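Close look at the chain arrangement
As a plain string of letters, each chain reads:
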Amino acid sequence: RRRHSGGGSVRGSVGGSSSGGGGEGGEGGGSSSRAIVSAIAAAAHRRGLDLAVGLTLQDYNALVGPAMALPELSRSSTLAVLVGSTRDIWTPFLWALRQSPTRGHLAREEEHGGPLNAYVVRATEELAAEAVPRGLGVSLHFAHETAPGRLVAMQRLAHLSGAAYFH
């Protein structure tokens, strides 16, 4: 099975979660972080996004520097989750296209550069609403976004998270 980690792929997304308080919720590495990553992975899998790996956002920001740093949501240790897909995305994506009122097209697809990107954005927004506990901050970023402040070094993120390895 071929794995896509998000680097250069339209299928990658990353979200940061933060509780804004002490040692609970969105801190990268705690047991509650593992529970959040597990909940995100389960919700993502139901949508054909079958890769979900947690990491500490500050590690990514240190690797890429300020120009490509992502929001840390006022935390010293912010959980980030890299979500991606393999070929398993095609069945739910095609189902979504068939179910769309404008059969073969999805809402916001022009905004996101095509139907697959629009599907990934919608699926990620839905899974974040379902799986991230209320009260935690969420910031979603996608591989297809290239505007200043939105661009993510997906290959570096995938390597750092262990979802892919680059030498």
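Our structure's up above, just so we're on the same page.
Parameters and conventions
Residues numbered from 1 in each chain as written. Predicted model: local features only at pLDDT ≥ 70, side-chain atom pairs only at ≥ 80, totals over all residues. Heavy atoms only, no water. Helix = DSSP H or I, 4+ residues; strand = E, 2+ residues; numbered from the N terminus. Contact = heavy atoms within 4.5 Å. 1 Å grid on protein atoms, 1.4 Å probe; cavity = no way out; pocket = protein on both sides within 12 Å on 5 of 7 lines; lining within 4 Å. Points joined across faces, edges and corners; volume = space filled by probe spheres on them. Nonpolar A, V, L, I, M, F, W, Y, C, P; charged D, E, K, R; others polar. Phe/Tyr/Trp six-rings, centres within 6.5 Å; stacked < 30°, edge-to-face > 60°. Buried < 20%, exposed > 50% of the residue type's maximum accessible area, 1.4 Å probe, protein only. Pairing = 2+ DSSP bridges.

Right, let's get into the overall build of the chain. Within the chain, the secondary structure is distributed over 5 helices and 4 strands. Secondary structure elements in the chain, listed N-terminal to C-terminal, are β-α-β-α-β-α-α-β-α. Nonlocal contacts in the chain, meaning residues at least 24 apart in sequence, comprise 71% of its contacts between residues at least 6 apart.

Okay, the layout of surface pockets next. Within this model, the largest pocket holds a volume of roughly 160 Å³. A96, S100, P101, T102, H105, L106, A107, R108, H112, A118, V121 and R122 are the residues that line the largest pocket. If you tally residues by element for the lining of the largest pocket, the top one is helix α4 (residues 115–131), at 3 residues. Looking at side-chain class alone, the lining of the largest pocket contains 6 nonpolar, 4 polar and 2 charged residues.

This part covers the packing of aromatic side chains. Within the structure shown, the criterion is met by 2 aromatic pairs. Relative to F93, the ring of W90 has its centre 5.6 Å away and its plane inclined at 70°; by these criteria the two rings are edge-to-face. Separated by 3 residues within a single helix, W90 and F93 lie in helix α3 (residues 90–99), roughly one turn from each other. The exposure class assigned to F93 is buried, which follows from its relative accessible area of 5%. Consider the rings of F93 and Y119, whose centres lie 5.8 Å apart with planes at 65°: the pair is edge-to-face. Taken together, the positions of F93 in helix α3 and Y119 in helix α4 put the pair 26 residues apart, joining distant regions of the chain. Each of the two residues, F93 as well as Y119, counts as buried. The rings of W90, F93 and Y119 are connected pair by pair, giving a single aromatic cluster.

Buried residues dominate strand β3 (residues 79–84), accounting for 6 of its 6 residues. Judged by which residues are buried, β3 turns out to be covered on both faces: L79, V81 and V83 on one side and A80, L82 and G84 on the other are all buried. Looking at chain direction, strand β2 (residues 51–56) and β3 are connected through 6 bridges and run antiparallel. Residue pairing for β3: A52 is matched across the bridge by V83.

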